[in-house]
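Understanding the architecture of this molecule
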Amino acid sequence: MNIDDAALAESIRRLTQSGTDDGSVLTALEQVVAACVDLFGVGGAGLLIADEQDVLAYVAASDGPGRVLETTEAETGEGPCTEAFVKDLVVVSRDITAESERWPILASRLADQPVRAVLGVPVRMGGVPVGTLDVYQEHPHDWDASEVAALGRYAEVIATTLAAALQAHTAGELARQLQYALDYRVVIERGVGYLMAKESVDAVMAFNMLRGAARHRRAKIGRVAEHVLEHGSLPA
């Protein structure tokens with residue numbers, strides 16, 4: 001993936017200044033994801049955004065394999081995208097199908113898909129992760145520092161698009177989800193930290209414990225995190 005800084009800057013400028021035909025934030029996000037593929041020459045791209053219960057939910061993808069990647073990560077709570085969101089850092093995989101020990105379900109489900117190298121980048125608003133931008137290559141690939149930096153800048157396009165939609169009151173249901181993610185991020189992080197210490201697990205495992213309890217009780221994950229902090233355990 002050869003990255004031209006001038007081309008990247010111009011693409012970002014056009015995308016952040018462009019409007020959409022129907023005023024839909026989802027249409028805008030689909031356009032940004034499609035443009036990401038063209039600009040970086042990757043096999044595909046997708047976007048997950050935080051919601052109130054499952055925390056990461058599928059929003060957009062450039063193609064079918066990208067949709068499988070996004071929806072599987074959202075369903076299982078494992079993979080580069082989930083880790084990028086939970087840890088608030090870029091997470092890469094040279095070949096996702098070779099990561100059976102790290103992400104067993106994801107590696108298995110993608111075995112028959114043209115998805116190999118994956119890179120997950122946090123999308124931040126107000127310094128808080130609210131989702132992830134994810135790109136993939138159809139073959140094993142070692143992501144280099146220039147790719148990571150450029151895609152980090154591109155994730156800012158997503159954040160700009162979301163912020164513009166919120167300001168223009170066109171984000172609809174997505175606005176409520178984003179506000180919840182912003183309001184409860186600190187509480188969720190504290191709940192994750194508590195479970196990490198108590199259960200001797202890593203951040204992603206602790207996060208999925210919260211998420212699993214929220215799904216089981218059909219509750220919001222922030223409320224589950226508050227219960228953990230107040231009572232010292234997950235809800236029965």
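See the structure printed just above.
Before going into details, it helps to say that this report is about the structure given with it. Keep in mind it's a predicted model, so treat the numbers as computed, not measured.

Within the protein, the regular secondary structure consists of nine helices and five strands. Ordered by position from N to C terminus, the α and β elements of the protein give α-α-β-β-α-α-β-α-β-β-α-α-α-α. Residues classed as buried in the protein amount to 51% of the 236 residues present. In the protein, once contacts between residues fewer than 6 apart in sequence are set aside, the share between residues at least 24 apart is 61%. For the protein, the computed accessible surface area is about 10700 Å², with 49% contributed by carbon and sulfur atoms.

Pairing is antiparallel across the open sheet formed by five strands, whose spatial order is β2-β1-β5-β4-β3. In this open sheet, the two strands that pair with only one neighbour each are β2 (56-61) and β3 (91-93). With strand direction ignored, the average angle separating the axes of adjacent strands in the sheet is 25°. Note: strand β4 (residues 118-125) against strand β5 (residues 128-136), eight bridges, orientation antiparallel. Directly across from R124, in β5, lies its bridge partner P129. Strands β1 (44-50), β2, β4 and β5 of the sheet are contacted by helix α3 (residues 64-76), whose axis makes an angle of about 175° with β2. Most of the contacts of helix α6 (residues 145-167) go to β4, to which it runs at about 40°, and overall it touches β1, β4 and β5.

Once that is clear, we can look at the nonpolar core. If you look at the biggest cluster of nonpolar residues, it comprises 60 residues, and the most contacted ones within it are L29, L47, V123, V135, Y154, L162 and L210. Ignoring anything within four residues of it in the chain, the contact list for L47 reads L29, V33, A57, Y58, V59, A60, E70, V123, T132, L133 and I158. Counting ten residues, the second-largest nonpolar core is a separate cluster that includes V91, W103, L106 and Y136.

A few words now on helix α4 (residues 80-87). Along α4, seven of the eight residues are buried, which leaves the element largely enclosed by surrounding structure. Every buried residue of α4 is accounted for by P80, C81, T82, E83, A84, F85 and V86. Taken from the residues just after α4, D88 is the one with a positive phi, measuring 55°.

Position of E99 among the secondary structure elements: in the loop between β3 and α5 (104-109). Residue class for E99 comes out buried when judged on its relative accessible area of 18%. Each residue touching E99, except ones within four places of it in the same chain, is listed here: S93, P104 and A107.

At D88, a residue that is not glycine, the phi angle is positive and equals roughly 55°. The exposure class of D88 is partly exposed, given its relative accessible area of 27%. Despite not being glycine, R218 has its phi angle at roughly 55°, a positive value. With respect to the helices and strands, R218 occurs in the loop between α8 (203-217) and α9 (221-231).

Contact pair α4 / α8: the axes reach a minimum separation of 10 Å and the direction vectors enclose 90°. Relative to α8, α4 is oriented roughly perpendicular. In this structure, α4 contributes T82, E83, F85, V86 and K87 to the contact, and α8 contributes A203, V204 and F207. Classifying every residue of the contact of α4 with α8 by side-chain character gives five nonpolar, one polar and two charged.

This part is about the packing of α8 against α9. In contact at an axis separation of 9 Å, α8 and α9 are set at 115° when each is read in the N-to-C sense. Viewed along their axes, α8 and α9 adopt a mutual orientation that is roughly perpendicular. As for the relative orientation of α8 and α9, their crossing is right-handed in sense. Listed contacts from α9 to F207, L210, R211, A213 and A214 of α8 are I221, V224, A225 and V228. Residue classes in the contact of α8 with α9 are distributed as eight nonpolar, no polar and one charged.

Turning to the pattern of salt bridges, a few remarks are in order. All chains considered together, the criterion is met by eight salt bridges. A salt bridge links E83 to K87; its shortest N-O distance comes to 3.5 Å. Taken as a pair, E83 and K87 lie in helix α4 at a separation of four residues, close to a single helical turn. A relative accessible area of 37% places K87 in the partly exposed class. Residues D142 and R94 are paired through a salt bridge, measuring 3.1 Å at the closest nitrogen-oxygen approach.

Scoring rules and cut-offs
Residues numbered from 1 in each chain as written. Predicted model: local features only at pLDDT ≥ 70, side-chain atom pairs only at ≥ 80, totals over all residues. Heavy atoms only, no water. Helix = DSSP H or I, 4+ residues; strand = E, 2+ residues; numbered from the N terminus. Buried < 20%, exposed > 50% of the residue type's maximum accessible area, 1.4 Å probe, protein only. Contact = heavy atoms within 4.5 Å. Areas by Shrake-Rupley, 256 points an atom, 1.4 Å probe, with all protein chains shown as cover. Pairing = 2+ DSSP bridges. Axes fitted to C-alpha atoms, helices over the stretch in contact; angles between N-to-C directions. Core = buried A, V, L, I, M, F, W, Y, C linked by side-chain atoms within 4.5 Å. Parallel < 35°, antiparallel > 145°, perpendicular 65-115°, else oblique. Nonpolar A, V, L, I, M, F, W, Y, C, P; charged D, E, K, R; others polar. Left-handed = near helix turned anticlockwise from the far one by under 90°. Salt bridge = Lys/Arg side-chain N within 4 Å of Asp/Glu carboxyl O.

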